[in-house]
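Observations on the three-dimensional arrangement
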Amino acid sequence: MKPSLVEYLVCPICRKNFNIKIIKKSKGEIMEGYLICINKHKFKITNGIPRFVTDATKDFVKTEDAFSSKWKIYHKSYHEKKWFEFQRNWFLERFQWEPLESFNKFLLTKHNILDAGTGLGNSANFLSTNKQSLVFAIDASESVNFAYKKYGGATNIHFLQADLRQLPFKKNFFDYVYSDQVLHHTKNTETSFKYLTKFLKKTGHISIYVYNKKAPIREFADDYIRSKTTKMSVNDCVEFSKDMTILGKSLSNLKRKITIPRDIKLLNIKAGTYDVQRFIYWHFLKCFWAEDGDFERSIGVNFDWYYPKFAYRHTPDEVRKWYRDTKIKITSFKEIESGISVTGKK
C-alpha cells in the first residue's frame, strides 16, 4: 500500500477518516499494518494491500471464493499479453471507444478513476495510461493479490481488497467509474449499480457491462445446471467446466455451419447462418471455447459462469431504466449476445 492512499480513504462503516499504524514497510510500500478510524473500526493491511471486506454472509463468501479459486488456478493464463490485448480491444469495441487514441483522450479528462472489480489488475493497468490520474482498483476476492504482485509497482495505481457495495471512499469522489463484467455477480445488480453512482462527481462517467438475457432454452439450461454446480466443491466444478470446455472444443472442431431459414420467435432464434458451436452456445448450453484455442482460459470462463453463487442476466430495457433512475445520461449503449455495455454521464 502506498502511504498516500490513506489521504483518500474513509471508513466504509462510519465514513470517518483513518489513522494508520505501520508494522512493516518495504521499498516505500506499507506491507503490514492497520487502518483505524476514530470510532475504532480496524482494517488490516497485509501483503501490501488494505483489506476492507466485512461481509461474511454465506452467499457473498461463496461468490468471492469462486473467483479466488479461479484466479489461483488460472492467473498465469489471464496475465498473458494476448489476453490483455484481446480484452482491451473487446472493451474498445463494446464501449465504442475505437480507436484506442479516443479512449486515451477521454482518460486525460479523468483524475480519480475507480476500477470496481479489477480481477487480476489488467483493467487497472489499462486505465492508468494517463500518469496524472489515480486508479483505485478494488476486488473483493483474493485476485487482488495477483493484481498487486503484477502491477503494484505502478506509481498511479492503488490496489485494495474491498466490496464494491461498501466502498472506503467519499461520495462524489470519482471522475470515472468502470465496472466491466462484475455487477451481475453481486447480490443485486441494480442496487450495486445505483450505489456506485453515488461516488461519481458531477459530470463524471460510469461504464458497466452486465450479462444479457439469453434464448429461453439456454436460460432454462443455465438455471438448472447452476442449481447443481454452485453447490459443488471447487474441484468438482473445475472438472465439470473441463467437460464443458471439451464439448465446446469438439463442436468447434467440426467446423460446420447451420442455416436457419426463418426466425423461430418462441426460441428467440433469428434466421441466419451460424457456426454449430456458437449456435449451441448462444441458444442452448454454455460450453465456451476460446477462438485462440487457450484450453486453460476456456475452463476458467466456464467455471466463471457455473460456480459463482450470483450470475444474473438482464434485458436492455432494465439497464436503461437504471440509468434513468439515477439521472445519468447514456452516451454509449451496445447490446451483443453475451452482454450489454453502457457508458453514461452524470
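The protein chain is annotated in an unreviewed UniProt entry as SAM dependent methyltransferase of Nitrosarchaeum koreense MY1.

In this section: the overall build of the protein chain. Counting secondary structure elements, the protein chain contains eleven helices and 13 strands. On C-alpha atoms alone, the protein chain measures out to a radius of gyration of 21 Å, which is about the 20 Å that the 2.2 N^0.38 rule sets for 346 residues. Counting only C-alpha atoms, the protein chain reaches 65 × 45 × 35 Å along its principal axes. Scored against the burial criterion, the 346 residues of the protein chain give a buried share of 55%. By sequence separation, contacts in the protein chain at least 24 residues apart represent 64% of the contacts at least 6 residues apart. Summed over all atoms, the accessible surface of the protein chain reaches about 16300 Å², with 52% contributed by carbon and sulfur. Averaging the coordinates of the 60 positive side-chain charges in the protein chain and doing the same for the 37 negative ones gives two points 5 Å apart.

To continue, consider the nonpolar core. Ranked by size, the top nonpolar core spans 43 residues in total, and within it Leu-114, Phe-169 and Ile-208 carry the most contacts. Looking at this core, the element that brings in the most residues is strand E9 (residues 200-211), giving four residues. Ignoring sequence-local partners within four residues, the contact set of Ile-208 consists of Phe-95, Ser-179, Leu-183, Phe-193, Val-319, Trp-322, Tyr-323, Ile-340, Ser-341 and Val-342. Counting residues in hydrophobic clusters, the runner-up holds 25 residues, among them Leu-92, Phe-103, Leu-107 and Ala-124.

Right, let's get into the pattern of salt bridges. For the coordinates displayed, the defined rule picks out 17 salt bridges. For the salt bridge of Arg-297 with Asp-292, the shortest nitrogen-to-oxygen distance reads 2.4 Å. Given a relative accessible area of 3%, Arg-297 falls into the buried group. Close ionic contact of Arg-320 with Asp-317 constitutes a salt bridge, the shortest N to O distance being 4.0 Å. Remark: Asp-317 and Arg-320 occur in helix H11 (residues 316-325); sequence separation between them is three residues, near one turn of the helix. Residues joined by salt bridges that share partners form a network here, namely Lys-82, Asp-292, Asp-294 and Arg-297.

Our next topic: the sheet that holds strand E6 (residues 134-139). Ordered by their spatial adjacency, seven strands build an open sheet running E7-E6-E5-E8-E9-E13-E12, and the pairing between neighbours is mixed. Strand pairing shows two members of the sheet lacking a second neighbour, strand E7 (157-161) and strand E12 (329-335), which therefore form its edges. On average, each strand axis in the sheet is inclined to that of its neighbour by 15°, with strand direction left out of account. By the bridge criterion, six bridges tie strand E8 (residues 174-180) to E9 in an arrangement that is parallel. What sits directly across from Asp-180, in E9, is Tyr-209. Contacts from helix H2 (residues 81-94) reach E8, E9, E12 and strand E13 (339-345) within the one sheet, and its direction differs from that of E8 by about 110°. Contacting strand E5 (112-116), E8 and E9, helix H6 (residues 189-197) runs over the sheet at an angle of about 155° to E9.

With that settled, the discussion passes to the side chain of Lys-214. Locating Lys-214 in the fold gives a position in the loop between E9 and helix H7 (216-229). For the buried Lys-214, no salt bridge exists, and the shortest N-O distance to an oppositely charged side chain is 5.4 Å, to Glu-219. At 2.8 Å, the side chain of Lys-214 forms a polar contact with the backbone oxygen of Asn-212. Ignoring sequence-local partners within four residues, the contact set of Lys-214 consists of Glu-219, Trp-282, Arg-313, Glu-337 and Ser-338.

What counts and what doesn't
Residues numbered from 1 in each chain as written. Predicted model: local features only at pLDDT ≥ 70, side-chain atom pairs only at ≥ 80, totals over all residues. Heavy atoms only, no water. Helix = DSSP H or I, 4+ residues; strand = E, 2+ residues; numbered from the N terminus. Rg over C-alpha atoms; globule rule 2.2 N^0.38 Å. Buried < 20%, exposed > 50% of the residue type's maximum accessible area, 1.4 Å probe, protein only. Contact = heavy atoms within 4.5 Å. Areas by Shrake-Rupley, 256 points an atom, 1.4 Å probe, with all protein chains shown as cover. Lys, Arg positive; Asp, Glu negative; His and termini not counted. Charge placed at Lys NZ, Arg CZ, Asp CG, Glu CD. Core = buried A, V, L, I, M, F, W, Y, C linked by side-chain atoms within 4.5 Å. Salt bridge = Lys/Arg side-chain N within 4 Å of Asp/Glu carboxyl O. Pairing = 2+ DSSP bridges. Axes fitted to C-alpha atoms, helices over the stretch in contact; angles between N-to-C directions. Polar contact = N/O pair within 3.5 Å; in protein donor to acceptor, adjacent residues only side chain to side chain.

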